[in-house]
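Below are the chains, spelled out letter by letter.
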Amino acid sequence: MREINASIPFDKALWRQDIAASKAHVAMLGAQGIVSGADAETIREGLDQVAAEYEANGVPENWDLEDIHMTTESRLAELIGQAAGRLHTARSRNDQVATDFRLWVRDAMDQADAGLLALQVALVTRAGEHADSIMPGFTHLQTAQPVTLGHHLMAYYEMIARDRSRFADARKRMNRSPLGSAALAGTGFPIDRAMTAQALGFDGPTANSLDAVSDRDFALDYLMAASQCALHLSRLAEEFIIWASQPFGFVALPDALSTGSSIMPQKKNPDAAELVRGHAGRITGCLTALMMTMKGLPLAYSKDMQDDKPPVFEAAGLLALSIAAMTGMVADTKFRTERMRGAAELGFATATDLADWLVREGDIPFREAHHITGAAVKLAETRGVALDQLPLDDLKAIDSRIDARVFQALSVEASVAARKSHGGTAPDQVRLRVAEARTVLGLE
């Protein structure tokens, strides 16, 4: 029972939040006359001393004390005597842990947002550098149409912006204080829940004591946002893994984020990116674990909920590492733009441009233009040349409405420049999106 019941090995991570909530609680007890002003001050000073000890030496793990709450209260009693027993007036470990955990998750959301902001800055900076750099755009990992590297990087900027919005939404929704809900039914003491909520930076107290002590939606919201973010980071990591492979050779990854082989001296492995990709599975696993813990629990608190913290702590640590790794990778990778451009010329990436030209200049229905273009691609493939290297006479033999103007549309430069629709890959559009993003991020 001692081993299965103790949570101090992991919930000691809540010590800062536990001290802060206890100080807010005792200040309110003193203000309301529930404890004397002298005892309130003695308790506050004692809590400061406990915090200093934790900061200097870490939190001791006495499994007989079960958790961080009893560990702190026990040490407080050793320091100040019987007055320590007044701290727990008008509260329960149920609302205490619910408050501490909310504070911790709120901090984790803020840390994730700060990390994602730095990643956005890196993406926008590199996108601005490469607004004109041409690379192949893919569907099914097959060459589809030429795009710019700046456009490609800005796609991840948009994903990260949505991730930040999810964390912001979750933070707003969870920012209510459970403190004062006590075990489940509230308390008969004349407490001021608005005072403690304000002291802890909450928007106000929770409205229902049963819900307050049993709610872990805020932790699930965090894990949902973290999981979606991890999926985006994993996709970005996979891009760099593919681009760094010799058949692609689009990038040279930073040495600091790569490793060598134990047996093959020529290897430079994208281990950081691969670990980010792997972390996505673990983070989504943490979400699943907590969802399964919470399913079917009757109101109010059940001991199952002691298992709420390990998956959140694990996911937060993995997410922070993943964000930092991808920020460094985006910022410090060398892009081999000439190789990218050369790859964009392969696979007949401007075939759609030929079809579009036939529609615009020849007034040909798109489906017919698609058929004509297919014949041109087949001929170029047989000859082993790009579309813009086919002689005009051969193109006219496929369809007499083709004339010399078509070559103005068949280069990769012409292809990307033509994509001027809002949000398109044209360099001018990329520069516009980069400028807008820099304003949003406060870089201008």
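Check the entry above for the structure.
Residues numbered from 1 in each chain as written. Predicted model: local features only at pLDDT ≥ 70, side-chain atom pairs only at ≥ 80, totals over all residues. Heavy atoms only, no water.

**Student:** Help me understand the packing of aromatic side chains, please; the structure alone is not making it clear to me.
**Tutor:** As enumerated under the stated definition, the model contains 10 aromatic pairs in all. Judged by centre distance (4.6 Å) and plane angle (55°), the ring pair of W104 and F313 falls under tilted. Residue W104 is found in helix α6 (residues 93–129), and its partner F313 is found in helix α12 (residues 309–332); the two are separated by 209 residues along the sequence. Grouping residues by exposure puts W104 and F313 together as buried. Relative to W243, the ring of F240 lies with its centre 5.6 Å away and its plane at 55°, an arrangement referred to as tilted. With F240 and W243 both in helix α10 (residues 217–244) and three residues apart, the pair spans about one turn of that helix. Both residues of the pair, F240 and W243, belong to the buried class. Positioned above the aromatic ring of F101, the side-chain terminus of K309 is 5.4 Å from the ring centre. (Phe/Tyr/Trp six-rings, centres within 6.5 Å; stacked < 30°, edge-to-face > 60°. Helix = DSSP H or I, 4+ residues; strand = E, 2+ residues; numbered from the N terminus. Buried < 20%, exposed > 50% of the residue type's maximum accessible area, 1.4 Å probe, protein only. Lys NZ or Arg CZ within 6 Å of the ring centre and 35° of its normal.)

**Student:** Could you clarify how one ought to interpret the pairing of strand β1 (residues 134–139) in this entry?
**Tutor:** Here is the key point about a regular strand: its side chains alternate between the two faces of the sheet. For β1 and strand β2 (residues 142–148), the ladder comprises six bridges, and the chain directions are antiparallel. Across the sheet, T139 pairs through a bridge with Q142, a residue of β2. In textbook terms, the turn of a hairpin is the stretch between consecutive antiparallel strands, and for β1 and β2 this stretch comprises two residues, one of which, H140, has a positive phi near 60°. (Pairing = 2+ DSSP bridges.)

**Student:** What am I meant to see in unusual backbone geometry here?
**Tutor:** Leaving glycine aside, a negative phi is the common case for residues, and trans is the common case for peptide bonds. Cis geometry marks the peptide bond from L299 to A300; its omega dihedral reads 5°. Residue placement: A300 occurs in the loop between α11 (271–294) and α12. Positive phi is not limited to glycine here, since A90 has a value of about 65°. With respect to the helices, strands and loops of the structure, A90 is situated in the loop between α5 (68–80) and α6. Unusually for a residue other than glycine, H140 sits at a positive phi of about 60°. Relative to the elements of secondary structure, H140 occurs in the loop between β1 and β2.

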